[in-house]
Structure formats: C-alpha cells, structure tokens
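As a plain string of letters, each chain reads:
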Amino acid sequence: MSGNESSSDYFTKYLFRTGCNCPTKLYYKARPSIYPEREEALPFIAHIRYNKRQLRLLLERLYPQGKRVAHGDREHMAEETAQLLEQDYTVIYNAAFLYRSLFSRVPLLEKDGERVRIYNLQTKAFDPQRYSMTNRQGRIHSKWIDYLRDFAYQLLVIKKLYPHWKLEPYLVLPDKTATAPIDNLDQKLVSGVPVEVEDMSDLLAFVPVIDQINAIWDGREPLFDDRNDYVEADRYSFEEIVLQLSEWYFSGEKKVTDVGKKCGNCEFRVDPMSLGQQEISGFEECWKDVLEEKNGDAHIFDLIGAGNGELLQDKIFLQHEIPLEEKIQPEQIARSKGRITDHHRRILQIAKAKGRKVPDEIIKPQLLDEIQDWEFPLHFLDFEAGSFAVPIRAGKKPYHQVVFQFSCHTLHGDGSLHHHQWVHRGDDSYPNYELVAELKKIPGILSGTIVHYSGFERSALRRIRGELQQESDRVPGAQDLIQWLEKVVGGKGTPSPQLADLGHLVKNYYYNAEMKDSLSIKDVLLSVMKISPVLKERFSRPYSSNNFTDIVWWQQEKQQLENPYDILRDEGENAVGRGTEAMVAYSELRNGLNEPEAVESLIRGLLSYCELDTLALVMIYMHWQEKLKEIRSRQNE
C-alpha cells in the first residue's frame with residue numbers, strides 16, 4: 001500500500017458497492033481525514049444496523065447449534081473461520097473470509113460436506129407471494145440489485161478460497177406477510193429468553209438467488225450505476241473488475257469519472273462552512289474542472305421539485321444559468337390567488353440565484369383565513385415513531401409503526417403556554433396504546449384546535465384506532481380508548497375537534513426569501529426566525545421548561561443565526577436532532593442493556609428533541625399571528 005492513509009486495510013463489500021456507484025469515491029473513501037462525509041445519513045445507517053442486528057439474532061435462533069466467530073482483527077477472524085470449516089458439518093455465525101486484499105463476512109454459513117449454504121441478511125421487507133428478484137424480462141429488479149451485487153462480491157471471495165464447494169446462496173429478508181407470534185420478541189432475542197423456533201421461523205423469507213448471482217458473475221447484469229464504462233465489463237470478468245476497483249482504492253490512483261445525476265446524493269457533498277482547515281469537499285473537487293471559477297455557486301441539485309434531468313442533459317449545472325420562464329415571474333407568484341407549487345418555489349430559487357429581487361415573504365390569504373378560524377386553546381402536537389424489522393407485538397408484521405413519544409404545547413387565548421409530554425421507556429407495555437391513554441390526560445385536548453405538521457399525527461391515531469378495534473378483546477379499556485380516539489379523529493357520525501395541518505399551510509401558502517430546498521420543520525423554523533422580530537424579541541430571552549433551563553434559542557454568531565436544532569445538539573450526550581436519531585435512541589431503550597444513567601440520558605435526549613418540535617410549531621404560528629395583526633392594523637387605518 002503506498003501514498004495512502006486508507007481507512008481500511010482490506011477491500012470490503014461496502015467499498016465494492018461504493019466503486020460500483022462511482023469509482024472516484026474510492027479515492028475519497030481511502031482518505032477520510034481529507035475528504036469528510038456528510039453526517040445526515042448516520043442515524044439512518046444506525047437504524048438499519050439495529051434492524052439487521054435483530055434479524056441476525058432471529059436467524060441464529062433458527063440455527064442454535066452454530067459457532068460464533070468473535071469480532072476482532074480480520075486475519076484472526078478468517079483463521080478462526082477456516083478452523084471451524086475443517087469439520088464436515090458445521091454452522092458458523094459471522095463467518096469471515098480473506099483472499100488477497102479482499103475481505104468478506106457473512107451472517108450465517110451452513111456447511112454439509114461440499115454443499116455450503118450462505119445466508120446473507122438484508123433489512124428490506126419481502127413478500128414471497130408477490131415479489132420476485134427479477135422482472136418480466138428476467139433482469140434483476142433495481143430495488144434488489146445493490147444487495148445482490150454485494151452478495152456476488154462476498155461469494156466471489158469464498159469461491160476463490162474454496163473452489164470445490166457447491167454454493168447455495170440465500171438472501172434472507174423480513175417476510176412482509178408474517179406476523180410476530182408473541183409480544184416483545186425483539187427484547188427476548190436480545191436478552192436470550194428461550195423462544196420456540198416454530199414461533200419465529202415464518203418471520204424470515206429465504207430467497208434462493210444462485211441464478212441472479214451467476215448473472216452478475218457472467219456479466220449479464222451491469223455492475224455500475226451509470227452508463228460510463230469505467231471498466232469494460234464485456235472484456236473483463238467479475239473477478240477482474242473487483243480486483244481493479246480494489247487496486248484503485250489501495251494504489252492512490254484517482255479514477256476520474258464524469259459528473260452527472262449520480263452526484264446529487266453524493267456523501268462527499270459537505271457544507272463548506274463545516275470543513276476544517278485541511279479538509280476538502282470531494283463533491284466540489286469532482287466538479288471543479290466543469291464549473292471552474294463558478295464552483296461553489298448554487299447548484300441545480302439544491303433546487304426543489306422536478307426538472308433537473310433535462311438541465312443535466314443540456315449541460316446546465318448552476319441555478320443562475322437557468323433561463324427564467326417568461327410566463328411566471330417572482331412578483332406574479334406573490335400576487336396570484338392559488339397555492340404556491342414546487343415549480344413556483346423553483347422559480348423563486350432561480351431568480352434569487354440570478355440576483356433578481358424576490359419577495360421577502362409571501363403569505364397567501366388562505367393561510368391567514370385558516371389560522372383566524374383556529375379556536376383556542378391551540379394544542380401543538382408532535383409524535384415520534386419508528387418501525388422495526390422484528391415486530392414488538394404479537395400479530396404485527398415487520399416494520400409495523402410504533403409511536404413511542406409525544407410532545408404537546410398548549411397555547412391559550414391569553415398567551416399562556418403549557419407543555420405536556422410522554423415517552424415510552426422501552427418496557428414490555430405496548431407504546432401505541434399507552435400513548436393514547438397519556439394523550440387523554442392533556443387538559444382540554446378535546447377542545448380548541450389540535451395543530452400538527454404534515455398529517456402524520458392524524459394518520460397515526462387512525463391507525464391505532466384500527467388496531468384497538470382488532471384487538472379489543474385483549475386490551476383492557478379498549479372501548480374507552482376507541483371512543484376517545486373517535487372524538488379526536490372522527491368516527492361514523494362522530495364530530496371531531498378541529499385538526500389543523502401547519503405543514504400543509506407551509507407547503508401551499510407560505511414562502512420567505514430565507515427558505516431553501518427543504519420544507520422540514522427544522523429548516524422552516526430557521527427561515528422564519530431570521531425574519532421575525534417577535535421571535536427575536538421573545539426567544540433572545542432565556543427559555544425554561546421541564547427539559548430546558550434558561551436556554552436561549554435566538555443566538556447569532558458572526559452574522560449567522562444558529563438553528564435551534566443545532567443548539568439542541570450541542571446540549572450534551574445523547575442529544576437528538578432529527579427523527580431518525582429518535583428512532584435509534586428508542587431502539588437503545590428497547591435493548592434493555594443500558595445502565596440507569598444511560599437510560600435517563602436517552603430519555604432526556606428524546607424529551608428535549610420532541611419538545612423543540614412542538615415549540616417550533618408555536619414559533620411559526622406566533623410569527624404568522626403577528627403578520628395577521630399587522631394586516632388587520634393596516635385595514636383599520
């Protein structure tokens with residue numbers, strides 16, 4: 001290995017997948033201290049790992065005679081695997097293989113003489129009755145290709161070491177049609193509580209994939225994600241391509257590829273403001289020869305809505321290079337009576353990039369009309385939820401939705417604000433039903449208006465009502481909970497209190513010049529805080545609650561307003577700043593392996609994050625309410 005500060009001494013399936021996506025990334029992956037990656041995907045990756053760990057425990061319960069290869073350095077893992085494989089029959093968990101610079105590890109291997117079954121776990125749910133790995137033309141479906149290419153790489157390493165084996169590869173996936181036989185199966189798997197094999201076997205689908213693997217090995221399936229021939233697949237074997245990618249990773253050679261659509265979600269596209277002195281944006285380095293001195297200007301990848309494909313075909317990469325439509329100008333969007341579409345937002349972004357004047361703020365009359373109709377008290381409500389590969393309740397399917405937390409800020413007509421909260425602590429009670437029982441305790445929740453963001457809370461409560469109706473015979477007090485839910489979300493002939501979707505109002509009737517390409521509550525809040533005097537005045541003062549003591553949400557440093565969610569993240573250990581992080585934190589609670597102090601730290605992180613979500617709703621409403629007062633004042637003059 002030369003000229004390389006590689007983050008790995010071996011080439012793995014993850015590096016192979018990276019190379020198939022874009023070989024240039026291998027150069028960046030080998031130099032993590034120079035080319036950092038975006039952190040936004042880390043919680044999502046952690047959630048996938050949690051689900052995969054649960055599935056691995058489930059799979060191992062089906063093969064209890066297996067021997068585990070201990071985690072450690074890769075050479076020792078490969079040696080231990082080789083020793084276990086000397087037996088005529090063996091089952092191995094976490095089997096590891098090392099061939100030249102190529103490393104492969106599989107969750108479970110069953111060897112019976114020369115016949116060897118390899119089980120590769122993935123977290124995507126599979127319906128054996130409806131799904132297939134291939135389409136009508138016999139080609140691998142796009143949603144399975146990444147998994148199967150990874151598997152083809154792993155099996156190649158094994159095949160090179162044991163060419164005489166008869167390999168039988170299986171993709172093991174959560175069975176979308178199966179249901180959990182018992183409650184809290186996830187916790188029983190972690191704790192080692194005995195569970196009958198018959199109670200678990202249906203939860204996994206075992207899909208034979210030898211035909212698909214052979215198609216990849218034979219070159220009948222493309223290896224690379226775009227059409228550039230980085231390695232001429234028709235001239236080189238699968239093994240030669242793998243070794244070439246490995247060589248690029250270790251040698252220090254940077255394989256330069258064409259920029260294009262694949263760059264939109266590049267993990268090396270990092271905010272330049274977050275880079276250290278010695279760090280470089282891999283994304284900008286790839287684009288520097290195309291954009292030259294314009295590199296760093298607003299890119300088309302930052303535009304909201306559709307249309308980037310055509311721009312890329314026309315070699316237009318920057319927002320200020322896009323011609324503005326003559327039919328729709330920024331000022332016309334502000335004056336029009338209809339809703340603000342994604343296309344309108346796109347036009348406003350382009351105009352701003354061109355240096356054109358755009359409206360500081362657009363508030364459509366429909367928005368003001370609706371908030372005038374809201375009745376006090378206003379209950380700003382937010383849920384946190386997760387979905388898990390191993391269902392936590394009997395009768396539920398993989399990735400059944402679990403709502404484990406709520407926060408509610410209640411704003412009264414006199415301006416007083418009260419906060420209510422609840423989080424499931426990961427015990428053996430069922431979160432969905434406990435959530436409803438706790439919601440009932442909020443004073444006045446059935447009066448006034450319940451305000452949420454983008455409709456999730458409404459749909460979640462309807463789903464829970466359906467669960468209760470199905471399980472009423474096994475849930476004490478089910479009818480009382482059902483009747484209460486019908487008062488909230490409505491039932492046959494049952495009126496409900498007013499439910500208002502603030503996210504719908506943002507999407508359709510609100511814009512300000514500080515907004516970018518995201519309508520998430522986190523980003524909308526920051527844009528509103530930048531232009532709102534009332535929020536600056538109120539939240540420049542210390543804010544205290546059950547979760548916060550004298551925290552200041554309106555903070556400005558070097559002319560840059562801090563996002564409250566970033567302030568929250570800096571609060572301490574186990575800080576939660578986005579929904580996927582909340583799912584990961586709740587997973588940790590369900591594991592039951594944490595010390596009491598760690599449990600309380602996770603609880604604090606969850607409660608603080610969810611409170612900020614509903615406080616953000618309050619802040620946006622306060623700004624709109626102030627604008628409504630201004631309009632009324634002008635009308636009365």
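Residues numbered from 1 in each chain as written. Predicted model: local features only at pLDDT ≥ 70, side-chain atom pairs only at ≥ 80, totals over all residues. Heavy atoms only, no water.

Novice: Which residues make up the nonpolar core, and what values go with them?
Specialist: Counting residues in each nonpolar core, the largest one holds 118 residues, and the members touching the most others are L435 and W553. When residues of this core are assigned to their parent elements, the largest contribution, 16 residues, is made by helix α22 (residues 596–636). Discounting chain neighbours no more than four positions away, the residues touching W553 are M529, F539, Y543, F548, E562, P564, I567, L568, L612, L615 and M619. Ranked by size, the runner-up nonpolar core spans 56 residues in total, among them V69, L148, L167 and F224. (Core = buried A, V, L, I, M, F, W, Y, C linked by side-chain atoms within 4.5 Å. Buried < 20%, exposed > 50% of the residue type's maximum accessible area, 1.4 Å probe, protein only. Helix = DSSP H or I, 4+ residues; strand = E, 2+ residues; numbered from the N terminus. Contact = heavy atoms within 4.5 Å.)

Novice: Quick rundown of the state of the cysteines? Include the residues and the values.
Specialist: Throughout this description, disulfide means a covalent bond between two cysteine sulfur atoms. Scanning the model with the defined rule gives zero disulfides in all. No disulfide involves C22; its nearest neighbouring cysteine sulfur is the one of C286, lying 5.9 Å away. In this structure C22 comes out as buried when scored by relative accessible area, which is 7%. (Disulfide = S-S within 2.5 Å.)

Novice: How would you explain unusual backbone geometry if you had to name every residue and give the values?
Specialist: The peptide bond linking F376 to P377 adopts the cis configuration, its omega dihedral lying at 0 degrees. Positive phi, close to 60 degrees, is recorded for K315, a residue that is not glycine. Structurally, K315 is set in the loop between α10 (308–313) and α11 (330–335).

Novice: Outline the sheet that holds strand β11 (residues 449–452), listing residues and values.
Specialist: Hydrogen bonds along the backbone pair up the strands of a sheet, which may run parallel or antiparallel. Here five strands make up an open sheet; going across it, the order is β10-β9-β8-β11-β12 and the pairing mixed. On the outer flanks of this sheet lie β10 (417–423) and β12 (498–501), each paired with one strand and no other. Within the sheet, the average angular offset between the axes of one strand and its neighbour, ignoring direction, is 25 degrees. One ladder, built from three bridges, connects strand β8 (residues 378–387) with β11; its direction is parallel. Of the residues in β11, the one forming a bridge with H379 is I450. Along the sheet, helix α14 (residues 431–439) contacts β8, β9 (401–411) and β10; its crossing angle with β9, the most-contacted strand, is approximately 15 degrees. (Pairing = 2+ DSSP bridges. Axes fitted to C-alpha atoms, helices over the stretch in contact; angles between N-to-C directions.)

Novice: Break down the packing of aromatic side chains for me, citing the residues and quoting the values.
Specialist: On inspection of all chains with the given rule, the structure shows 34 aromatic pairs. The interplanar angle of 40 degrees and the centroid separation of 4.4 Å between the aromatic rings of Y28 and Y35 together place this pair among those described as tilted. Between F97 and Y162, the aromatic rings sit 6.3 Å apart at their centres with planes inclined by 85 degrees, giving edge-to-face as the arrangement. Residue F97 is found in strand β2 (residues 89–99), and its partner Y162 is found in the loop between α5 (142–161) and β5 (166–174); the two are separated by 65 residues along the sequence. Under the relative-accessibility criterion, F97 is labelled buried at 2%. Look at Y162 and you get buried, because its relative accessible area is 18%. (Phe/Tyr/Trp six-rings, centres within 6.5 Å; stacked < 30°, edge-to-face > 60°.)

Novice: Pulling in residues and values, what's your account of the sheet that holds β2?
Specialist: Strands sit in the order β1-β2-β3-β4-β5-β6 across an open sheet of six strands; the sheet is mixed. Whereas interior strands pair on both sides, the edge strands pair on one side only; in this sheet they are β1 (67–68) and β6 (204–208). Across 10 bridges, the pairing between β2 and strand β3 (residues 102–112) is antiparallel. Its bridge partner being in β3, A96 is matched across the sheet by R105. Across the sheet, helix α3 (residues 42–62) is in contact with β1, β2, β3, β4 (115–121), β5 and β6; its angle to β6 comes to roughly 80 degrees. Along the sheet face, helix α4 (residues 74–84) touches β1, β2 and β3 and points at about 140 degrees away from the line of β2.

Novice: Explain the side chain of Q405 to me, using residue names and the numbers behind them.
Specialist: For Q405, the location among the structural elements is in strand β9. A relative accessible area of 0% places Q405 in the buried class. Polar side-chain contacts of Q405 include one of 2.6 Å to the backbone oxygen of L606. Each residue touching Q405, except ones within four places of it in the same chain, is listed here: D382, F383, E384, W422, V423, L435, L606, L607 and C610. (Polar contact = N/O pair within 3.5 Å; in protein donor to acceptor, adjacent residues only side chain to side chain.)

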